[in-house]
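Below are the chains, spelled out letter by letter.
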Protein chains: 2
Amino acid sequence: MLNRVGDKWSMQVIVVLRDQPRRFNDLRRQVNGISQQMLTRTLKVLERDGLVERTVRTTSPPQVDYALTPFGHSLSEPVRELAIWALANLDTLYDNRLRYDANNEANDDTNQA
Amino acid sequence: MLNRVGDKWSMQVIVVLRDQPRRFNDLRRQVNGISQQMLTRTLKVLERDGLVERTVRTTSPPQVDYALTPFGHSLSEPVRELAIWALANLDTLYDNRLRYDANNEANDDTNQA
DNA sequence: CAGAATCCCGCAGGATACTG
DNA sequence: CAGTATCCTGCGGGATTCTG
(Lines give C-alpha, C1' and ligand atoms only; values in the text may rest on other atoms or scores of the structure.)
Protein backbone atom coordinates (compact mmCIF):
# COMPACT_ATOMS: atom_id res chain seq x y z
CA MET A 1 0.00 0.00 0.00
CA LEU A 2 2.81 2.35 0.78
CA ASN A 3 4.28 0.72 -2.28
CA ARG A 4 1.74 2.12 -4.63
CA VAL A 5 1.69 5.55 -3.16
CA GLY A 6 5.34 5.92 -2.37
CA ASP A 7 7.21 4.83 -5.44
CA LYS A 8 10.27 6.58 -6.71
CA TRP A 9 8.89 8.81 -9.43
CA SER A 10 5.25 9.26 -8.49
CA MET A 11 6.08 11.20 -5.37
CA GLN A 12 8.36 13.57 -7.21
CA VAL A 13 5.81 14.19 -9.93
CA ILE A 14 3.15 14.90 -7.34
CA VAL A 15 5.39 17.34 -5.54
CA VAL A 16 6.05 19.23 -8.76
CA LEU A 17 2.43 19.26 -9.87
CA ARG A 18 1.40 20.54 -6.49
CA ASP A 19 2.53 24.04 -7.37
CA GLN A 20 0.89 24.24 -10.75
CA PRO A 21 -0.18 22.25 -13.79
CA ARG A 22 2.64 21.39 -16.13
CA ARG A 23 3.12 20.26 -19.68
CA PHE A 24 4.97 17.10 -20.52
CA ASN A 25 8.44 18.36 -21.25
CA ASP A 26 8.12 21.03 -18.65
CA LEU A 27 7.44 18.30 -16.11
CA ARG A 28 10.33 16.32 -17.47
CA ARG A 29 12.68 19.17 -16.75
CA GLN A 30 11.34 19.72 -13.24
CA VAL A 31 11.58 16.12 -12.15
CA ASN A 32 15.24 15.49 -11.56
CA GLY A 33 16.60 12.64 -13.67
CA ILE A 34 13.50 11.01 -15.04
CA SER A 35 13.61 9.52 -18.50
CA GLN A 36 10.97 10.26 -21.08
CA GLN A 37 9.61 6.77 -20.87
CA MET A 38 9.36 6.65 -17.12
CA LEU A 39 7.55 9.96 -17.08
CA THR A 40 5.05 8.60 -19.58
CA ARG A 41 4.53 5.46 -17.55
CA THR A 42 4.30 7.28 -14.25
CA LEU A 43 1.77 9.77 -15.55
CA LYS A 44 -0.36 7.00 -16.99
CA VAL A 45 -0.48 5.23 -13.66
CA LEU A 46 -1.25 8.43 -11.80
CA GLU A 47 -4.05 9.18 -14.23
CA ARG A 48 -5.37 5.68 -13.90
CA ASP A 49 -5.44 6.07 -10.13
CA GLY A 50 -7.39 9.30 -10.45
CA LEU A 51 -4.59 11.36 -8.96
CA VAL A 52 -3.71 13.33 -12.06
CA GLU A 53 -5.84 14.73 -14.84
CA ARG A 54 -4.66 14.89 -18.41
CA THR A 55 -5.93 17.66 -20.65
CA VAL A 56 -5.15 17.63 -24.33
CA ARG A 57 -5.20 20.84 -26.29
CA THR A 58 -5.31 20.02 -29.98
CA THR A 59 -3.18 22.89 -31.09
CA SER A 60 -0.20 22.58 -33.30
CA PRO A 61 2.16 21.60 -31.92
CA PRO A 62 -0.03 19.55 -29.59
CA GLN A 63 -0.10 20.58 -25.97
CA VAL A 64 -0.94 18.39 -22.99
CA ASP A 65 -1.45 19.66 -19.50
CA TYR A 66 -1.13 17.56 -16.39
CA ALA A 67 -2.71 18.67 -13.15
CA LEU A 68 -3.48 17.14 -9.79
CA THR A 69 -7.09 16.18 -9.23
CA PRO A 70 -8.62 17.01 -5.83
CA PHE A 71 -7.81 13.42 -4.91
CA GLY A 72 -4.25 14.01 -6.01
CA HIS A 73 -4.06 17.14 -3.96
CA SER A 74 -5.16 15.28 -0.86
CA LEU A 75 -2.26 12.92 -1.38
CA SER A 76 0.14 15.74 -2.08
CA GLU A 77 -0.19 16.94 1.50
CA PRO A 78 1.48 14.04 3.28
CA VAL A 79 3.90 13.66 0.38
CA ARG A 80 4.91 17.24 0.82
CA GLU A 81 5.56 16.65 4.53
CA LEU A 82 7.91 13.89 3.55
CA ALA A 83 9.66 16.03 0.98
CA ILE A 84 10.13 18.79 3.52
CA TRP A 85 11.62 16.35 5.99
CA ALA A 86 13.94 15.01 3.32
CA LEU A 87 15.11 18.44 2.34
CA ALA A 88 15.79 19.42 5.91
CA ASN A 89 17.46 16.22 7.06
CA LEU A 90 19.19 14.67 4.13
CA ASP A 91 22.54 16.13 5.03
CA THR A 92 22.25 14.80 8.55
CA LEU A 93 21.48 11.43 7.09
CA TYR A 94 24.53 11.47 4.89
CA ASP A 95 26.67 12.55 7.81
CA ASN A 96 25.40 9.58 9.77
CA ARG A 97 26.31 7.40 6.86
CA LEU A 98 29.85 8.71 6.69
CA ARG A 99 30.44 8.19 10.38
CA TYR A 100 29.01 4.70 10.18
CA ASP A 101 31.21 3.83 7.23
CA ALA A 102 34.28 5.31 8.86
CA ASN A 103 33.81 3.05 11.86
CA ASN A 104 33.24 -0.05 9.83
CA GLU A 105 36.11 0.40 7.45
CA ALA A 106 38.33 0.67 10.48
CA ASN A 107 37.01 -2.63 11.79
CA ASP A 108 37.23 -4.32 8.44
CA ASP A 109 40.83 -3.27 8.07
CA THR A 110 41.60 -4.97 11.34
CA ASN A 111 40.49 -8.25 9.89
CA GLN A 112 41.11 -7.96 6.20
CA ALA A 113 43.99 -5.78 5.15
CA MET B 1 16.15 12.13 -2.04
CA LEU B 2 12.61 10.91 -1.75
CA ASN B 3 14.19 7.78 -3.13
CA ARG B 4 16.22 7.11 -0.09
CA VAL B 5 13.56 7.93 2.40
CA GLY B 6 10.60 6.46 0.61
CA ASP B 7 11.63 3.04 -0.52
CA LYS B 8 9.37 0.06 -0.33
CA TRP B 9 10.43 -1.63 2.87
CA SER B 10 12.02 1.16 4.88
CA MET B 11 8.77 3.01 5.28
CA GLN B 12 6.93 -0.06 6.48
CA VAL B 13 9.66 -0.90 8.97
CA ILE B 14 9.59 2.63 10.29
CA VAL B 15 5.85 2.54 10.70
CA VAL B 16 6.06 -0.67 12.69
CA LEU B 17 8.96 0.48 14.87
CA ARG B 18 7.11 3.67 15.62
CA ASP B 19 4.87 1.89 18.12
CA GLN B 20 7.62 0.07 19.98
CA PRO B 21 11.01 -1.58 19.63
CA ARG B 22 10.92 -4.99 18.04
CA ARG B 23 13.11 -8.04 17.73
CA PHE B 24 14.15 -9.39 14.38
CA ASN B 25 11.60 -12.10 13.80
CA ASP B 26 8.96 -10.10 15.53
CA LEU B 27 9.58 -7.33 13.03
CA ARG B 28 9.55 -9.87 10.23
CA ARG B 29 6.07 -10.93 11.19
CA GLN B 30 4.77 -7.37 11.47
CA VAL B 31 6.05 -6.21 8.13
CA ASN B 32 3.75 -7.73 5.60
CA GLY B 33 5.58 -9.93 3.08
CA ILE B 34 9.22 -9.11 3.68
CA SER B 35 11.83 -11.82 3.28
CA GLN B 36 14.51 -12.46 5.82
CA GLN B 37 17.16 -11.10 3.54
CA MET B 38 15.37 -7.89 2.71
CA LEU B 39 14.69 -7.22 6.36
CA THR B 40 18.37 -7.69 7.13
CA ARG B 41 19.38 -5.38 4.31
CA THR B 42 16.77 -2.76 5.14
CA LEU B 43 17.69 -2.68 8.81
CA LYS B 44 21.35 -2.33 7.98
CA VAL B 45 20.67 0.68 5.80
CA LEU B 46 18.40 2.25 8.38
CA GLU B 47 21.05 1.76 11.02
CA ARG B 48 23.68 3.21 8.76
CA ASP B 49 21.52 6.28 8.21
CA GLY B 50 21.12 6.73 11.93
CA LEU B 51 17.39 6.11 11.82
CA VAL B 52 17.36 2.86 13.72
CA GLU B 53 19.40 1.65 16.65
CA ARG B 54 20.45 -1.95 17.03
CA THR B 55 20.88 -3.39 20.50
CA VAL B 56 22.34 -6.82 20.97
CA ARG B 57 21.60 -8.78 24.10
CA THR B 58 24.08 -11.62 24.38
CA THR B 59 21.70 -14.07 25.90
CA SER B 60 21.12 -17.54 24.62
CA PRO B 61 19.41 -17.62 22.27
CA PRO B 62 20.73 -14.23 21.19
CA GLN B 63 18.30 -11.37 21.18
CA VAL B 64 18.51 -8.22 19.09
CA ASP B 65 16.28 -5.21 19.53
CA TYR B 66 15.62 -2.62 16.89
CA ALA B 67 14.29 0.78 17.86
CA LEU B 68 13.89 4.13 16.19
CA THR B 69 16.43 6.76 17.13
CA PRO B 70 15.15 10.29 17.77
CA PHE B 71 16.16 11.01 14.20
CA GLY B 72 14.12 8.03 13.08
CA HIS B 73 11.17 9.22 15.08
CA SER B 74 11.28 12.57 13.37
CA LEU B 75 11.02 10.79 10.05
CA SER B 76 8.28 8.53 11.28
CA GLU B 77 5.92 11.49 11.58
CA PRO B 78 5.57 12.33 7.90
CA VAL B 79 5.75 8.66 7.02
CA ARG B 80 2.85 8.04 9.32
CA GLU B 81 0.84 10.76 7.61
CA LEU B 82 1.38 8.97 4.35
CA ALA B 83 0.39 5.63 5.81
CA ILE B 84 -2.78 7.12 7.20
CA TRP B 85 -3.66 8.60 3.83
CA ALA B 86 -3.01 5.28 2.16
CA LEU B 87 -5.18 3.40 4.59
CA ALA B 88 -8.04 5.84 4.17
CA ASN B 89 -7.87 6.24 0.42
CA LEU B 90 -6.58 3.06 -1.06
CA ASP B 91 -10.02 1.73 -1.84
CA THR B 92 -10.92 4.94 -3.64
CA LEU B 93 -7.76 4.58 -5.62
CA TYR B 94 -8.59 1.05 -6.66
CA ASP B 95 -12.09 2.12 -7.61
CA ASN B 96 -10.62 4.78 -9.86
CA ARG B 97 -8.45 2.15 -11.40
CA LEU B 98 -11.36 -0.12 -12.15
CA ARG B 99 -13.37 2.62 -13.79
CA TYR B 100 -10.37 3.68 -15.82
CA ASP B 101 -9.74 0.13 -16.95
CA ALA B 102 -13.40 -0.43 -17.78
CA ASN B 103 -13.36 2.55 -20.10
CA ASN B 104 -10.17 1.57 -21.82
CA GLU B 105 -11.00 -2.05 -22.37
CA ALA B 106 -14.15 -0.82 -24.09
CA ASN B 107 -12.08 1.37 -26.37
CA ASP B 108 -9.52 -1.30 -27.02
CA ASP B 109 -12.24 -3.75 -27.99
CA THR B 110 -13.41 -1.30 -30.58
CA ASN B 111 -10.07 -1.53 -32.28
CA GLN B 112 -8.79 -4.95 -31.41
CA ALA B 113 -11.41 -7.63 -30.96
C1' DC C 1 16.93 -16.48 17.27
C1' DA C 2 19.41 -13.57 14.18
C1' DG C 3 21.65 -13.43 10.63
C1' DA C 4 25.30 -14.54 6.28
C1' DA C 5 25.94 -16.65 1.79
C1' DT C 6 24.46 -18.20 -2.57
C1' DC C 7 21.52 -18.75 -6.49
C1' DC C 8 18.28 -16.91 -9.49
C1' DC C 9 14.50 -14.31 -11.72
C1' DG C 10 11.58 -10.38 -13.07
C1' DC C 11 10.93 -5.90 -13.89
C1' DA C 12 12.16 -1.07 -12.97
C1' DG C 13 14.14 1.92 -15.69
C1' DG C 14 17.68 3.92 -19.13
C1' DA C 15 18.92 4.85 -24.31
C1' DT C 16 17.66 5.25 -28.80
C1' DA C 17 14.84 5.65 -32.82
C1' DC C 18 10.37 6.55 -34.89
C1' DT C 19 5.49 8.99 -35.36
C1' DG C 20 1.40 12.30 -35.67
C1' DC D 1 5.68 18.73 -28.59
C1' DA D 2 4.11 14.49 -26.73
C1' DG D 3 4.34 10.53 -27.00
C1' DT D 4 5.08 4.90 -28.69
C1' DA D 5 8.09 0.88 -29.68
C1' DT D 6 12.15 -1.77 -29.01
C1' DC D 7 16.23 -3.28 -26.96
C1' DC D 8 19.06 -4.01 -22.99
C1' DT D 9 20.92 -3.86 -18.20
C1' DG D 10 21.08 -3.73 -13.22
C1' DC D 11 19.40 -4.71 -9.10
C1' DG D 12 15.32 -5.33 -6.15
C1' DG D 13 13.92 -9.01 -3.96
C1' DG D 14 12.43 -14.07 -3.23
C1' DA D 15 13.88 -19.03 -1.79
C1' DT D 16 17.00 -21.91 0.25
C1' DT D 17 20.81 -23.46 2.97
C1' DC D 18 24.17 -22.88 6.65
C1' DT D 19 26.15 -20.92 11.19
C1' DG D 20 27.06 -19.12 16.14
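Above this text you will find the structure in question.
This structure is a prediction, so every number in the text was calculated from the model and none was measured.

Participant: Is there a simple way to think about the packing of aromatic side chains in this case?
Facilitator: For any pair of aromatic rings, geometry is given as the distance between the ring centres together with the angle between the planes. Going through the model one piece at a time under the given rule, you end up with two aromatic pairs over all chains. Summarising the aromatic geometry, the rings of Phe 71 of chain A and Trp 85 of chain B are spaced 5.3 Å apart at their centres and angled 35° between planes, so their arrangement reads as tilted. In this pair, Phe 71 of chain A is assigned in helix 5 (residues 70–111) and Trp 85 of chain B in helix 5 (residues 70–111), connecting two distinct chains. For Phe 71 of chain A, a relative accessible area of 14% puts it in the buried group. According to the relative accessible area criterion, Trp 85 of chain B is buried, its value standing at 7%.

Participant: Mind showing me how you'd approach the protein's contact with DNA strand D here?
Facilitator: Near DNA strand D there are 20 residues, and of these Gln 36, Arg 54 and Tyr 66 of chain A together with Lys 8 and Gln 37 of chain B occur at the shortest range. Of everything in DNA strand D that lies within 4 Å of the protein, sugar and phosphate atoms constitute 61%. Here a phosphate oxygen of DNA strand D sits 2.9 Å away from a polar atom, N or O, in the side chain of Arg 23 of chain A. With respect to DNA strand D, the side chain of Gln 37 of chain B contributes an N or O atom lying 2.5 Å from a base nitrogen. When residues of the surface near DNA strand D are assigned to their parent elements, the largest contribution, four residues, is made by helix 4 (residues 36–48) of chain A. Across the surface near DNA strand D, the residue classes tally to eight nonpolar, seven polar and five charged.

Participant: Is there a simple way to explain the relation of the copies chain B and chain A in this structure?
Facilitator: Taken together, a rotation about one axis and a shift along it account for how the two chain copies relate. The operation relating chain B to chain A is a screw motion whose rotation component is 180°, with 0.0 Å of axial translation and a residual RMSD of 0.1 Å. What the superposition gives is, in effect, a two-fold axis relating one chain to the other. The fraction of interface residues of chain B whose copies in chain A are also interface residues reaches 100%, indicating that both copies meet through the same surface.

Participant: Would you explain the sheet that holds strand 2 (residues 52–57) of chain A in this entry?
Facilitator: Within a sheet, each strand pairs with its neighbour through backbone hydrogen bonds, oriented either parallel or antiparallel. Residue and element names in this part refer to chain A. If you walk across this open sheet you meet the three strands as 1-3-2, and the pairing is antiparallel. Bordering the open sheet on either side are strand 1 (22–23) and strand 2, each of which pairs with just one other strand. Examined bridge by bridge, strand 2 and strand 3 (residues 63–68) share six bridges and lie antiparallel to one another. Note on strand 3: the bridge partner recorded for Val 56 is Val 64.

Participant: Mind showing me how you'd approach the interface of chain B and chain A here?
Facilitator: Much of the literature gives interface size as the accessible area that the parts lose upon coming together. Contact residues are listed per partner, giving 35 residues for chain B and 35 residues for chain A. In total, chain B and chain A occlude about 3,300 Å² of area from one another, counting both sides; carbon and sulfur atoms represent 71% of this. For the chain B face of the interface with chain A, the top three residues by lost area are Leu 2, Arg 48 and Trp 85 of chain B, together amounting to 22%. The shortest N-O distance in the salt bridge between Arg 48 of chain B and Asp 101 of chain A comes to 2.8 Å.

Reading the values: rules and limits
Residues numbered from 1 in each chain as written. Chains lettered and ligands numbered in written order. Predicted model: local features only at pLDDT ≥ 70, side-chain atom pairs only at ≥ 80, totals over all residues. Heavy atoms only, no water. Phe/Tyr/Trp six-rings, centres within 6.5 Å; stacked < 30°, edge-to-face > 60°. Helix = DSSP H or I, 4+ residues; strand = E, 2+ residues; numbered from the N terminus. Buried < 20%, exposed > 50% of the residue type's maximum accessible area, 1.4 Å probe, protein only. Near = heavy atom within 4 Å. Polar contact = N/O pair within 3.5 Å; in protein donor to acceptor, adjacent residues only side chain to side chain. Nonpolar A, V, L, I, M, F, W, Y, C, P; charged D, E, K, R; others polar. Least-squares fit on C-alpha atoms with pLDDT ≥ 70 in both. Contact = heavy atoms within 4.5 Å. Pairing = 2+ DSSP bridges. Buried area = accessible area lost by both parts, 1.4 Å probe. Salt bridge = Lys/Arg side-chain N within 4 Å of Asp/Glu carboxyl O.

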